[in-house]
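Take a look at the letters that make up each chain.
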Amino acid sequence: SLTLNVSIVQVPGAKPSSTEPVDAYIIKSNPIKLRCQAPALQIFFKCNGEWVHQSQHMSQEHTDLQTGLKIREVMINVSRQQVEDFHGPEDYWCLCVAWSHLGTSKSRKASVRIAYLRKNFEQDPQGTEVPLSGMIVLHCRPPEGVPVAEVEWLKNEEALVSEGVADRTGDHSLVVSEAQLSDSGNYTCVASNIVAKRRSATATVVVYVNGGWSSWTDWSPCNVRCGRGVQKRSRTCTNPTPLNGGAFCEGMSVQKSTCSTLCPVDGSWSEWGEWSACTPECERQRGRECTAPEPKHGGRLCDGVALATDNCTGGLCTQNKKLLHDAKPQGVEGSSDVALYSGLAAGVVTVVLLIIAVTLYRRSQSEYGVDVIDSSALTGGFQSFSFKTSRQANPLLINPSMQPDLTVSRTYTSPMCFQDSIDKELMAEHSLLDPLPDLQVVCPHQSPSVDSLGTAERAEYRVPSHPQTFPRGLAPDYRAVGATLGRRGKTLFAPQASFTPSRQVQNATAVFGRAGGRLVVPNTGISLLVPHGGIAEDTTWEMYMIINQEDSSAVSDEESEIFLSPAVTYGPPGLDLSCPIAMTVAHCAEVAADNWTIRLKRQAQDNKWEEVMSVDEESTSCYCLLEANRCHLLLEHPGRYALFGAPMNPDAAKRLRLAVFGCPDPSSPLGFSLRVYCVDDTPNAFQEVAVGEHSRNGRLLEEPKTMLFRGTAFSLQVSIQDVPQLLWSIKPFTTCQEFSFSQVWASSRHPLQCAFLLERYSHSSSQLSCKISVRQVKGEEQILQVYTSVLENEKAVVPFFSQSDCTVTSQTGSRAFKIPLSIRQRISATFDTANAKGKDWQLLAQKLHIDRNLSYFACQESPSSVILSLWEAQHQDTGDLDSLASALEEISKVQSSRTAALSYSRDEQDSEFSDLG
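Criteria and cut-off values
Residues numbered from 1 in each chain as written. Predicted model: local features only at pLDDT ≥ 70, side-chain atom pairs only at ≥ 80, totals over all residues. Heavy atoms only, no water. Helix = DSSP H or I, 4+ residues; strand = E, 2+ residues; numbered from the N terminus. Buried < 20%, exposed > 50% of the residue type's maximum accessible area, 1.4 Å probe, protein only. Contact = heavy atoms within 4.5 Å. Areas by Shrake-Rupley, 256 points an atom, 1.4 Å probe, with all protein chains shown as cover. Phe/Tyr/Trp six-rings, centres within 6.5 Å; stacked < 30°, edge-to-face > 60°. Pairing = 2+ DSSP bridges. Axes fitted to C-alpha atoms, helices over the stretch in contact; angles between N-to-C directions. Core = buried A, V, L, I, M, F, W, Y, C linked by side-chain atoms within 4.5 Å. Arc of directions from axis to C-beta. Disulfide = S-S within 2.5 Å. Patch = residues over 30% accessible without salt bridge, like charges linked within 9 Å, V, L, I, M, F, W, Y side chains within 5 Å. Salt bridge = Lys/Arg side-chain N within 4 Å of Asp/Glu carboxyl O. Expected span 1.5 Å × (residues − 1). Parallel < 35°, antiparallel > 145°, perpendicular 65-115°, else oblique. Nonpolar A, V, L, I, M, F, W, Y, C, P; charged D, E, K, R; others polar.

You'll find the protein chain entered in an unreviewed UniProt entry as Netrin receptor UNC5, with Takifugu rubripes given as the organism.

Written out as structure tokens, the structure reads:
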């Protein structure tokens, strides 16, 4: 064995070594040892003022090599149970007392505590969003513990470098005085002591950047070359671009300003001056100036010469020994005559050829029943195309080399009726073709004497026109009306003035007398109710309704206003009625929240729209009852009306109807075309799409859906998803297409359409399944699920209605009204005059929930009759007389209670009088 001898040299003046007990912590259930060492004869521990039993001491001795003194070391164990059982005013403590030949000495008190760390933080840091260069403050209060926990911060699970981070007032808060984009992340507060380590909830910090406008671009050139126009300038939200959810720039991205451009003035010659004196060369001259007026602002200069020269001797003056007229080259006069006659002959031939060409063109045009021209208005990368369909059973001829346009507007040059086979197919959908019961339909290609039409009240066919109508018996040229319309005849009345629409025209025409009636434009949500007695006795008016498709030039002068309904014209202009008519118009506004200012406007003679009333205000000129999808109007003056809306805030929304149609691609045997439409959620807008798709053999592949498009200035995106990549391919760069906000917001002018062209890899792939997503950026989204067969003999068509322009529906007389005439007259007679029983028209209006703008009814000759007309318009589809009966029954109950109270009061008075007697 190896023995290591260590010699310790005592330092002169060194004191003997001693050790005092130190503070200790009990971890879990493990006891701790307190140690005391001193050069003493005896050492004992005293805990909490009491001596520890000698048996609990563990002692040992050794000799200090430096001093030669005996050193005694004593230890005791302190358990968790001992500490927990102590209930003194202070912590559990111990000290040691040593006895030596020098005397007695005590050590310092050593406290013993149970170590712990609670699980829950007293305050977790909270996630926050701060702007760039803002201050980040994350508060953290660690769990209670003994000893006190130490705190550190983690960012994205890594220890946070303290550079740029300040600990504010020692409360463990994390402070970043100037936030940068790199400071975004997930922050965690970690607390630890000798017992455990705890983690707080993670706080997500997002440093965002609010958008800022770039500088304005230069003003664009004036959009007109002459006169008053508009110029624009724009800016983009890129200084900086919004990041991490930062706010988009507030304000307009485009500014418009009026501009005036000086019109060019073309120059014009003044009068010729006087001839000058004859010169020796036998010439005289005269001049003129281009000053009547002078050319200005880029106008054209005067054509011709400013100085004219003429022979002043009649050709008799000689020059160089020769007559002047002999100086001309020979044959000039002859050549001039030949050129003159040749020009005349060429002109005659040109005129003849032009006449022949025009005649042939007109004959070729007469073979077609409709001329449809599709033009692209957007930049979608598609080419425009045009096609024509004949009036016979010829299919549509589409140029196979052209692709569908992104947006399509249609122009119909003549009325169009579907073929007999199509009509039979449509007639099967009875509920779709008959908006009102017992309506009769006559098309021009059918004979009006068909037995299936019956001999009862019929609807008469009119081509689209503005008929000049008169009361029956006042216009001798129209005496045939009384003999040919209605029950007594079958001859159709000839139209007067032809109407040439720029797009598909939807209209209705019928003749009404004193019995009144109802006029409906099928599948459009537009109807007109003429009350009984509104037309004078022995007078008949031929009335019409036309749905006008407005273009951009007809929009209201206020830029913020848009069409919320189609523009509807009813007439004729000289119509004279004794009470207002009730017109029902569909609209596309989301009116559940008060986000719109809706106005009814009428088009004046100068084509400007003038406000008639605001829907929210009182008026005596007309009445407007706004419902969720339609509006009922009481009008007294014929004309063109429309609902306009101005959004009050970005939450204002209009309803869009979404539909997807499909058909095989004629340009490819393996191709299939999907067309997605986004139109205003009004029946007439979808009807136009349905008619157009019917002519293209399109199939509705999914039930149309409705979505809300809000006025947040964000665009609309249409994308195709989940296309089977192994079976189908899609045209590149067309999987996602976008409509600008302004295109969708003002889409009442034309239906929005985008096309997706797909091609299958083999003929065996006959099934197509995919999704069409239509979403507004930062807004609502709708999914159209497509699952269809591309084979002609396996069509699974979702049914949809489609009707031609020539279909007119109308009812006259009592069959047009839900309330029988006798009951209507009794109700009016009862409620028109206020009486002691409390029955008046105001009570009737209240019970029928028509209790707004009562001042309008007060101005009517029969308020109750007008209220019932409005009720008829409200319930034209359901025909629910129960609500009216319930209202009248409730009024009767109220009257009965009032009568009983009055009778009781009289009985009381009689009893008092008898007592007095």
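Here the narrative resumes.
It is not clear to me how the overall build of the protein chain should be interpreted in this structure. Could you clarify?
Helix and strand content of the protein chain: 12 helices and 50 strands. Counting every position in the protein chain, which comprises 917 residues, the buried fraction comes to 41%. Contacts spanning at least 24 positions in sequence make up 69% of the contacts within the protein chain whose residues lie at least 6 apart. For the protein chain, the exposed surface amounts to about 50000 Å²; the carbon and sulfur share of it is 52%.

Explanation requested: the packing of aromatic side chains in the structure shown.
Aromatic ring pairs: the centre-centre distance and the angle between the two ring planes describe each pair. Under the defined criterion, the tally for this structure stands at 17 aromatic pairs. The interplanar angle of 65 degrees and the centroid separation of 6.1 Å between the aromatic rings of F248 and F714 together place this pair among those described as edge-to-face. With F248 in the loop between β20 (227–234) and β21 (254–261) and F714 in the loop between β43 (705–710) and β44 (716–721), this pair connects stretches of sequence that are 466 residues apart. Ring geometry for F563 and W609: centres 5.9 Å apart, planes at 80 degrees, overall edge-to-face. Placement of the pair is F563 in strand β32 (residues 562–563) and W609 in strand β36 (residues 609–614), with a sequence separation of 46 residues. In this structure F563 comes out as buried when scored by relative accessible area, which is 5%.

Even after reading the chapter, I still don't get the sheet that holds strand β37 (residues 623–626), so can you show me in this structure?
Within a sheet, each strand pairs with its neighbour through backbone hydrogen bonds, oriented either parallel or antiparallel. Reading across from one edge, β37-β38-β34-β30-β29-β50 is the order of the six strands in this open sheet, with antiparallel pairing throughout. Two strands bound the open sheet, and with one partner strand each, they are β37 and β50 (809–812). Across this sheet, the average inter-strand angle for adjacent strands is 15 degrees, counted without regard to direction. The pairing of strand β29 (residues 517–521) with β50 spans four bridges and is classified as antiparallel. Bridge pairing in β50 links L519 to S810. Of the strands in this sheet, β29, β30 (526–530), β34 (581–586), β37 and β38 (630–635) are in contact with helix α11 (residues 863–874), which crosses β38 at around 150 degrees.

Would you take a moment to explain the sheet that holds strand β6 (residues 70–78) for this structure?
The three strands lie next to each other as β2-β6-β5, forming an open sheet whose pairing is antiparallel. The sheet is open, and its two edges are formed by β2 (32–38) and β5 (58–63), each paired on a single side. Direction aside, neighbouring strands of the sheet carry axes that sit 20 degrees apart on average. Pairing of β5 with β6 involves six bridges; the strand directions are antiparallel. For T63, the partnering residue across the bridge sits in β6 and is K70.

I keep staring at the nonpolar core and nothing clicks. Help me out?
Soluble, globular proteins show a tendency: their nonpolar side chains are buried together. Within the largest apolar cluster, 66 residues are counted, with the highest numbers of intra-cluster contacts made by Y570, L674 and I772. In terms of nonpolar packing, the next biggest core, distinct from the first, is built from 27 residues, L529, A582, Y856 and L884 among them.

Please explain the environment of A690 as it appears in this structure.
Within the secondary structure, A690 is located in helix α6 (residues 683–695). For A690, a relative accessible area of 0% puts it in the buried group. Distance in space between the C-alpha atoms of A690 and F661 is 9.4 Å, their sequence separation being 29 residues.

It is not clear to me how helix α8 (residues 821–831) should be interpreted in this structure. Could you clarify?
Side chains of residues three or four places apart in an α-helix project in the same direction, reflecting 3.6 residues per turn. Turning to α8, its buried residues are R824, I827, S828 and F831. Burial along α8 is one-sided: seen end-on, the buried residues are contained in an arc of 100 degrees. Residues of α8 that are exposed and point more than 90 degrees away from the buried face comprise R826 and A829.

In this structure, what is going on with the environment of S810? I would like to understand it.
Tracing the backbone shows S810 in strand β50. We classify S810 as buried; its relative accessible area is 5%.

Would you mind going over the state of the cysteines with me for this structure?
Disulfides are covalent bonds that link the sulfur atoms of two cysteine residues. The full count for this structure, using the stated rule, is eight disulfides. Put simply, C222 and C259 are joined by a disulfide, and their sulfur atoms are 1.9 Å apart. The disulfide joining C222 to C259 has a torsion of about 85 degrees about its S-S bond and is therefore right-handed. Of this pair, C222 sits in the loop between β19 (203–208) and β20 while C259 sits in strand β21; the two residues are 37 residues apart in sequence, bridging distant segments of the chain. Using a relative accessible area of 21% as the deciding quantity, one classes C222 as partly exposed. Classification of C259 by relative accessible area gives buried; the value is 8%. Disulfide pairing places C226 opposite C263 at an S-S distance of 1.7 Å. Judged by the sign of its S-S torsion, about 95 degrees, the cystine formed by C226 and C263 is right-handed.

What should I look at first to understand a nonpolar patch on the surface in this one?
A cluster of nonpolar side chains, namely V348, V349, V352, L353, I356 and L360, defines an oily patch on the protein surface of about 560 Å² accessible area. Of note, L360 is situated in helix α2 (residues 332–365).

I'm lost on α11 in this one. Help?
Here α11 contains 12 residues, and its C-alpha end-to-end distance of 17 Å stays within 8% of the 16 Å for a straight helix at 1.5 Å per residue. Most of α11 sits out of view: 12 of its 12 residues are buried. Residues P863, S864, S865, V866, I867, L868, S869, L870, W871, E872, A873 and Q874 constitute the buried set of α11.

So what exactly am I meant to see when it comes to the packing of α8 against α11 here?
Each pair of packed helices can be summarised by the angle the axes make with each other and by the distance between the axes. Where α8 contacts α11, the axes come no closer than 8 Å and their chain directions differ by 135 degrees. The pairing of α8 with α11 is recorded here as oblique in orientation. For the pair α8 and α11, the contacting residues are R824, I827, S828 and F831 in the first and S864, S865, L868, S869 and E872 in the second. Considered class by class, the residues forming the contact of α8 with α11 number three nonpolar, four polar and two charged.

Could you clarify how one ought to interpret the pattern of salt bridges in this entry?
Any two side chains of opposite charge can pair, so long as their charged atoms come close to each other. Under the criterion given, the structure shown has 24 salt bridges. The partner of E157 in a salt bridge is R199, with the nearest N and O atoms 3.0 Å apart. Of this pair, E157 sits in the loop between β13 (150–155) and β14 (158–159) while R199 sits in strand β18 (residues 197–199), and the two are 42 residues apart along the sequence. Overall, E157 belongs to the exposed group, its relative accessible area being 51%. In this structure, E702 and K705 form a salt bridge, with 3.9 Å as the shortest nitrogen-oxygen distance. Judged by relative accessible area, K705 falls into the partly exposed class, the value being 27%. A network of salt bridges, in which partner residues are shared, links E561, R599, K601 and E611.

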